[in-house]
Amino acid sequence: MAKPKVATASLAGCFGCHMSILDIDDRILKLAELVEFHKSPINDIKKFSERCLVGIIEGGCCNEENVHVLQDFRKNCDLLISLGDCATMGGLPAMRNHVPLEECLAEAYLHGPTVHNPAKQIPNDPEIPLILDKVYPLHEVVKIDLHLPGCPPPADAIWEVLVALLNNKPIDLKYGLLRYD
Amino acid sequence: MSDFTFTIDGVEVPANKGQTILEAADAAGIYIPRLCWARDLAPGGHCRVCTVLVNGRPQSACTHPAGPKMVVEHDTPEIRAWRKNVVEMLFVEGNHYCMFCEKSGNCELQAMGYRLGITTPKYPYMFPQRAVDATHPDVMVDHNRCIACGRCVRASRDLDGKNVFQFVQRGHHVRVAVNAEGGLGRTNLSAADKAAQLCPVGAILVKRVGYAVPVGRRLYDVKPIGSDIEAKRAATPSGK
């Protein structure tokens, strides 16, 4: 039987959750025996070519490209896991949700203390993904099957969840593995 | 000797006249989750996390007096779901960024989320606009994290005798305000006041003491909230 496939992506996140995946240490060898990594920054596969059992997504949705990637994952994966606080509640990027978008862009490109922008241009090229009005948790954009919060979620929690899923067992995280910080 | 007994989920619990359900449960080593309640403060009944069914009717265990032969339901799937919903609502209606909050690990709201197994709230986040008041030299108020439990209001009024904090507005607009124009710095609050100490979340913080305890050794890093109360039950031989 072919190994189940796992895809991962980082949207509006810092890759810290991906670091936490790698933080399962030598268990990553066992994981490589159990699953095959498909589209993921870990192996640089860019496009879905096969159906995946699990999609693990770090980061919230802050621009239209994030939304497209997320919808692509929903289409191609049986189960979606939102990994980390940015994915589950917006996280640090969502701090901009308290400031109107126009003010955010003005601060970043016009008035910030380190800004050098003589043309007073705010980037608006069609090549650049359009920024959303605010940062959204993933489950407010597509259906998410499993949430694993944490900044980042402990490597043990990621391991426990994956092992439970692969063995069709209920997920029962012991105290300390479910955390928001 | 106790004055009478009543039952919580079928377990016989002794109680004295004047005791609330929550106090009697605590003494018997049964932890009923709560957020606005604090020892030494008059119960407020604000947060509804301690909701139980008393003879079939929902009541807040922190305000409802225990009575002879009362039948209390507490740890049922339905009541657990209510509590979870209430705590989830507290998370979405404020701005709770645990990842940089200095109360993280010692926060009762966060610990309640862990205890109730909340991975993420089912409600949409509201991301409200809330202010930070840093006008006081030793204490700050971050309204982003306030859950309107009213501990500071009761502590300042009843324990400190100062009335520094008060609720203003109503319904879901309710928020805590201070009794001086110009902010907390204009009040007579001191960092040693109970009102500055009893906040269950990171809304009222004494300045310059944050992050003193490393991750792993904070209050709720190892044991769930309420386990101190439950330990009492495990220690008594009759407790089963």
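The rules behind the values
Residues numbered from 1 in each chain as written. Chains lettered and ligands numbered in written order. Predicted model: local features only at pLDDT ≥ 70, side-chain atom pairs only at ≥ 80, totals over all residues. Heavy atoms only, no water. Axes fitted to C-alpha atoms, helices over the stretch in contact; angles between N-to-C directions. Helix = DSSP H or I, 4+ residues; strand = E, 2+ residues; numbered from the N terminus. Parallel < 35°, antiparallel > 145°, perpendicular 65-115°, else oblique. Left-handed = near helix turned anticlockwise from the far one by under 90°. Contact = heavy atoms within 4.5 Å. Nonpolar A, V, L, I, M, F, W, Y, C, P; charged D, E, K, R; others polar. Buried < 20%, exposed > 50% of the residue type's maximum accessible area, 1.4 Å probe, protein only. Phe/Tyr/Trp six-rings, centres within 6.5 Å; stacked < 30°, edge-to-face > 60°. Lys NZ or Arg CZ within 6 Å of the ring centre and 35° of its normal. Domains from an automatic or database assignment. Buried area = accessible area lost by both parts, 1.4 Å probe. Salt bridge = Lys/Arg side-chain N within 4 Å of Asp/Glu carboxyl O. Polar contact = N/O pair within 3.5 Å; in protein donor to acceptor, adjacent residues only side chain to side chain.

### Brief notes about the packing of helix 2 (residues 27–34) of chain A against helix 6 (residues 155–166) of chain A
Residues and elements named next belong to chain A.
Alright, step 1. Running from N to C, helix 2 and helix 6 point in directions that differ by 25°, and their axes come no closer than 12 Å. Classified by the angle between their axes, helix 2 and helix 6 sit roughly parallel to one another. The crossing of helix 2 and helix 6 is left-handed. Listed contacts from helix 6 to R27, K30, L31 and L34 of helix 2 are D156, W159, L162 and L166.
Alright, step 2. Of the residues in the contact of helix 2 with helix 6, the class split is five nonpolar, no polar and three charged.

### Considerations on the environment of A12 of chain A
Residues and elements named next belong to chain A.
Alright, step 1. Position of A12 relative to the elements: it lies in the loop between strand 1 (5–10) and helix 1 (16–22).
Alright, step 2. Separated by 74 residues in sequence, A12 and C86 have C-alpha atoms that sit 7.2 Å apart.
Alright, step 3. Residues contacting A12, with those up to four places away along its chain left out, are G59, G60, C62, N66, C86 and P93.

### Some details on helix 4 (residues 151–159) of chain B
Residues and elements named next belong to chain B.
Alright, step 1. Within helix 4, the full set of buried residues consists of R151, C152, V153, R154, A155 and S156.
Alright, step 2. Considering only its buried residues, helix 4 is in contact with helix 3 (108–116), strand 8 (165–168), strand 9 (175–178), helix 5 (194–197) and strand 10 (204–206).
Alright, step 3. Residue G161 follows helix 4 closely and has a positive phi angle near 60°.

### Things to note about the packing of aromatic side chains
Alright, step 1. A full pass over the atoms with the stated rule returns six aromatic pairs over all chains.
Alright, step 2. Ring centres of F48 of chain A and F73 of chain A lie 4.9 Å apart, and the angle between their planes is 80°; this geometry places the pair in the edge-to-face category. One end of the pair, F48 of chain A, is in the loop between strand 2 (36–37) and strand 3 (52–58); the other, F73 of chain A, is in helix 3 (residues 64–76), with 25 residues separating them in the sequence. Per residue, the accessibility class of F48 of chain A equals that of F73 of chain A, and both read buried.
Alright, step 3. Centre to centre, the rings of Y175 of chain A and Y114 of chain B are 6.4 Å apart; their planes meet at 75°, and the pair counts as edge-to-face. Of the two residues, Y175 of chain A is situated in the segment after helix 6 and Y114 of chain B in helix 3; the pairing between them involves two chains.
Alright, step 4. Members of the aromatic cluster, each reached through a chain of ring pairs, are Y175 and Y180 of chain A together with F91 and Y114 of chain B.
Alright, step 5. A cation sits over an aromatic face here: R34 of chain B above W37 of chain B, 4.9 Å from the ring centre.

### Considerations on the domain arrangement of chain B
All names here are of chain B.
Alright, step 1. Under the domain assignment used here, chain B contains domain 1 (4–75) and domain 2 (84–206).
Alright, step 2. Look at where the C-alpha atoms of domain 1 and domain 2 centre, and you get two points 25 Å apart.
Alright, step 3. Contact with domain 1, which involves 16 residues of that partner, is made by 19 residues of domain 2.
Alright, step 4. Counting each side, the surface lost to burial between domain 1 and domain 2 is near 1300 Å², with a carbon and sulfur contribution of 68%.
Alright, step 5. Among the residues of domain 1 in contact with domain 2, L35, L41 and H46 are the three that bury the most area, contributing 45% of the side total.
Alright, step 6. Along the contact surface separating domain 1 from domain 2 lie zero salt bridges.
Alright, step 7. Linking domain 1 with domain 2 are four residue pairs in polar contact (both at pLDDT 80 or more).
Alright, step 8. Of the residues assigned to the side of domain 1 that touches domain 2, the class counts are 11 nonpolar, two polar and three charged.

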